[in-house]
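Per-entry structural report
So the chains spell out like this:
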Amino acid sequence: DAHLVTTGLGPVYDGIGHFFLSPGDALSALALALLAGLRGTASGRRALFVLPVAWLAGGLIGLTTTGWTSPPEEIVGALSFLLLGILVASDIALPTALVSILAALLGGAHGFFNGLGMHEAAAGVGVLQLLGVAVTLFVIVALASALAVTAKPLWARTVVRVVGSWIGASGLLWTGWVLHGAK
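Here's what I pulled together on the structure shown here. (Residues numbered from 1 in each chain as written. Predicted model: local features only at pLDDT ≥ 70, side-chain atom pairs only at ≥ 80, totals over all residues. Heavy atoms only, no water.)

1. Some remarks on the side chain of Thr136
- Tracing the chain through its elements places Thr136 in helix 6 (residues 125-149).
- Side-chain polar atoms of Thr136 contact the backbone oxygen of Gly132, separated by 2.8 Å.
- Sequence-distant contacts of Thr136, that is, excluding residues within four places in its chain, are made with Ile16, Phe19 and Phe20. (Helix = DSSP H or I, 4+ residues; strand = E, 2+ residues; numbered from the N terminus. Polar contact = N/O pair within 3.5 Å; in protein donor to acceptor, adjacent residues only side chain to side chain. Contact = heavy atoms within 4.5 Å.)

The structure is reproduced here in C-alpha cells:
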C-alpha cells in the first residue's frame, strides 16, 4: 500500500509523492547522482538520462508482472544504499560506462518494484505515476550530479564524500535490520 500514495493532485504527482516518501528510492538515486557527478561531466550526463529511462522501463515491466511473490525489495534498497554510499565515500575512479551500468541496474530494479507496487492502480494510472517518478529522477540527478561536478576544492569534495558515507552507513544499518527480520 505504500506505493499507492495519494496526493489528491493526480497520478503524476502521486508518483512524485511516492518517490519522496520512499527513502530507499530517494537516497539511492541521490547517491548515484553524487557518484556520477564525482566521476565528471560525462558520467553525470549519462546518469541523467539512463537512470530515469531504466526506472521507467523497469516500472513498466513491474506493472505487467503477475504472480510475483515475496519480492526482496527491502534488501535491494538496503544494498543499494550500502554499495552506492561506499562508492561515493571512497571516491573510486570508475569509468563512465560502469557508472551508466550502475544507473541502469539501480533504475531497473527500483523501477520494477515500484511497478509491482503500482500494479493494483487503475489502468493507465500506474504509467502516469511512473512518469512522475521519472521526471523527478531527472531533476534530482541533474541537480545533485551538477553539485558534485562543481565540487572541485578539496573541502567541497570531502563534503560530498561525507554525504556518501552517511548514505553507506544508513545502508549498513538497514541491511542489518532487514537480515535480522528475515530470521
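2. What about helix 2 (residues 23-38)?
- For helix 2, built from 16 residues, the straight-helix expectation of 22 Å at 1.5 Å per residue is met to within 8% by its first-to-last C-alpha distance of 22 Å.
- The element helix 2 is largely enclosed, with a buried count of 13 among its 16 residues.
- Looking one or two residues beyond helix 2, the residue adopting positive phi is Gly40, at roughly 120 degrees. (Expected span 1.5 Å × (residues − 1). Buried < 20%, exposed > 50% of the residue type's maximum accessible area, 1.4 Å probe, protein only.)

3. Regarding the pattern of salt bridges
- Throughout the structure, instances matching the rule amount to two salt bridges.
- Its salt-bridge partner being Asp91, residue Arg39 comes within 2.7 Å of it at the nearest N-O pair. Remark: Asp91 occurs in the loop between helix 4 (73-90) and helix 5 (96-118) and Arg39 occurs in the loop between helix 2 and helix 3 (41-64); sequence separation between them is 52 residues. Considered together, Arg39 and Asp91 belong to a single accessibility category, that of buried residues.
- The shortest N-O distance in the salt bridge between Arg157 and Asp91 comes to 3.0 Å. (Salt bridge = Lys/Arg side-chain N within 4 Å of Asp/Glu carboxyl O.)

4. Thoughts on the nonpolar core
- Counting residues in hydrophobic clusters, the biggest one holds 38 residues, and the most contacted among them are Phe19, Leu32, Leu35, Leu51, Leu137 and Val160.
- Only helix 2, helix 3, helix 4, helix 5, helix 6 and helix 7 (154-181) provide two or more residues apiece to this core.
- Examining the composition of this core, we find that nine residues originate from one element, helix 2, more than from any other.
- Once residues lying within four places of it in the same chain are set aside, the contact partners of Leu32 are Leu51, Leu84, Val99, Leu102, Ala103 and Leu106. (Core = buried A, V, L, I, M, F, W, Y, C linked by side-chain atoms within 4.5 Å.)

Without other data, these values stay purely geometric and don't point to any function.
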